[in-house]
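Geometric and topological summary
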Amino acid sequence: MFLLYEYDIFWAFLIISSAIPILAFLISGVLAPIRKGPEKLSSYESGIEPMGDAWLQFRIRYYMFALVFVVFDVETVFLYPWAMSFDVLGVPVFIEAFIFVLILIVGLVYAWRKGALEWS
C-alpha cells in the first residue's frame, strides 16, 4: 500500500523552499525605491564612464567551447556513481559505461574535426 504521509517532510521542504524566494522578490519589489534617471539607466563599467555601445557580439567559438566543456563535465557526474559502485554492479554495467564513454569520444572526435575546438 502506498502511503502519502511518508512524504510530509518532502512536501513541507518543497513548499518552504518555493515560498522563500517568492517572498524575497515580493518584499524587495514593495520596499525598493523606484528612481529612474540617466545614471540609473546607463551601463556600469567598474565606475568608469561607459565608452561605446553596451551590446557586443561574442564569437560563436566561445559558446562552442563552453558547450563541449559542459558535456564532458556532465559526463564526470554520471561516471562518478558508477565508479564508486563498480565492484557491486558487475560486467554488464561496465559494458554500458564503456559504450557511454565511447559515444562521448565519437562526439569529441566529431567536434574536433569540425573545428569547434580550434581557438584561432
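Remember, it's a predicted structure, so these values are computed and weren't measured experimentally.

Examining the overall build of the protein chain
Regarding its fold elements, the protein chain presents five helices and zero strands. Along the protein chain, helices and strands appear, N-terminal first, in the series α-α-α-α-α. Here the protein chain holds 120 residues, and the buried ones make up 6% of them. When contacts within the protein chain are restricted to residue pairs at least 6 apart in sequence, long-range pairs at least 24 apart make up 58% of them.

Some points on the UniProt feature "transmembrane region" (unreviewed entry) in the protein chain
As recorded in UniProt, the feature "transmembrane region" (unreviewed entry) lies at residues 12-34, 62-83 and 89-112. Annotated as 100% helix and 0% strand, the span residues 62-83 places its first and last C-alpha atoms 31 Å apart.

Concerning the packing of aromatic side chains
In total, this model carries five aromatic pairs according to the counting rule given. Consider the rings of F78 and F100, whose centres lie 6.3 Å apart with planes at 90°: the pair is edge-to-face. With a gap of 22 residues between them, F78 in helix α3 (residues 60-84) and F100 in helix α5 (residues 91-114) connect regions that are remote in the sequence. On the basis of relative accessible area, F78 is assigned to the exposed category, the value being 54%. Taken together, the ring pairs connect W82, F86 and F94 into an aromatic cluster.

Some points on the confidence of the model for the protein chain
Across the protein chain, the average pLDDT comes to 82, with 88% of residues at 70 or higher. Of all secondary-structure elements in the protein chain, the lowest mean pLDDT belongs to helix α2 (residues 38-41), at 73, while helix α1 (residues 8-31) reaches the highest, 93.

Brief notes about the side chain of E75
Topologically, E75 is positioned in helix α3. Buried charged residue E75 carries no salt bridge. Nearest counter-charge: R113, at 18 Å. Once residues lying within four places of it in the same chain are set aside, the contact partners of E75 are F100, V101 and L104.

Thresholds, definitions, all that
Residues numbered from 1 in each chain as written. Predicted model: local features only at pLDDT ≥ 70, side-chain atom pairs only at ≥ 80, totals over all residues. Heavy atoms only, no water. Helix = DSSP H or I, 4+ residues; strand = E, 2+ residues; numbered from the N terminus. Buried < 20%, exposed > 50% of the residue type's maximum accessible area, 1.4 Å probe, protein only. Contact = heavy atoms within 4.5 Å. UniProt positions renumbered as here; feature names shortened; annotations may be inferred. Phe/Tyr/Trp six-rings, centres within 6.5 Å; stacked < 30°, edge-to-face > 60°. pLDDT = per-residue confidence, 0-100. Lys, Arg positive; Asp, Glu negative; His and termini not counted. Salt bridge = Lys/Arg side-chain N within 4 Å of Asp/Glu carboxyl O.

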